[in-house]
Amino acid sequence: RSRKYIWIMKSLYKIYSIDFDIEMSNFEGDRVINLKRILLEMQYNEDLFLPFTSLKILVNDTEGIIERFPVVGDEIIAVKIKTPTTGAEGTFYKAFKINKLSKRTVAEERNHIFAIEAISREFFVNKTTNIEYSYKGKTGSQIISDVYENYFKKYQKELEVEDSNNLITINSNTQAPLEFVNQVSAYTSNSKYKSSVYKFYEDRNGFKFKTINS
């Protein structure tokens, strides 16, 4: 019983000591509402094989925020999570731009449940940007670093690059940045591994351009 009691107390400590907040602001940033009080569920996703992180939240809206705010699709959702053991440096903070709203379900009068899907803001930069540039005798790591600096660093996230060794000459033919990144990745290799596949992806700490082997 004592072991079970200790386990329960540790679990409660972890649950109730989390500093959590989630806010939505309009595109200009002059209107902000807190979603914490209507939040039912939150799902944060990051994947080695997907370039951008995403967020899905389920809300129980009793205040009509869709019409009153209003939500038109350019809103930013910011999430902050801090646990007692992480300290200030371990605070999880990420911002996402709304991509989709699910159809609302009427739970009862003036009580609507719906999902909000959001994705990293760099996703939208990629959708509205084209590259027309050529690189001669550069490594894949150098090219990706340059593309990131010019197109994806707008929101001040860090890029961690694993050095590659082979030199590439390549042209971007009015491609979206991510399309070009994937093309460069296919030609990039690392002498440390016999079969080195590079992936460009985002996690909670920023963006990575690294081999799957590492």
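Before going into details, it helps to say that this report is about the structure given with it. (Residues numbered from 1 in each chain as written. Predicted model: local features only at pLDDT ≥ 70, side-chain atom pairs only at ≥ 80, totals over all residues. Heavy atoms only, no water.)

## Observations concerning the packing of aromatic side chains
Right, on to step 1. Taken as a whole and assessed by the stated rule, the structure comprises 14 aromatic pairs.
Right, on to step 2. An angle of 75° between the planes, with centres 6.2 Å apart, marks the rings of F52 and F152 as edge-to-face. Here F52, found in the loop between strand 3 (39–45) and strand 4 (54–61), pairs with F152, found in helix 4 (residues 140–152); they are 100 residues apart in sequence, far enough to count as distant. Each member of the pair, F52 as well as F152, is classed as buried.
Right, on to step 3. Site record: aromatic cluster; members linked through ring pairs are F52, F123, F124, Y148, F152, F200 and F207.
Right, on to step 4. Between the NZ or CZ atom of K97 and the centre of the ring of F124, over which it lies, the distance is 4.7 Å. (Phe/Tyr/Trp six-rings, centres within 6.5 Å; stacked < 30°, edge-to-face > 60°. Helix = DSSP H or I, 4+ residues; strand = E, 2+ residues; numbered from the N terminus. Buried < 20%, exposed > 50% of the residue type's maximum accessible area, 1.4 Å probe, protein only. Lys NZ or Arg CZ within 6 Å of the ring centre and 35° of its normal.)

## Section: the sheet that holds strand 10 (residues 158–161)
Right, on to step 1. The sheet built from three strands is open, its strands ordered 10-13-12 with mixed pairing. Bordering the open sheet on either side are strand 10 and strand 12 (198–203), each of which pairs with just one other strand. Direction aside, neighbouring strands of the sheet carry axes that sit 15° apart on average.
Right, on to step 2. With six bridges connecting them, strand 12 and strand 13 (residues 206–211) associate as antiparallel partners. Residue pairing in the sheet places D203 in a bridge with G206 of strand 13.
Right, on to step 3. With respect to the sheet, helix 4 is in contact with strand 10, strand 12 and strand 13, its orientation differing from that of strand 10 by roughly 175°. (Pairing = 2+ DSSP bridges. Axes fitted to C-alpha atoms, helices over the stretch in contact; angles between N-to-C directions. Contact = heavy atoms within 4.5 Å.)

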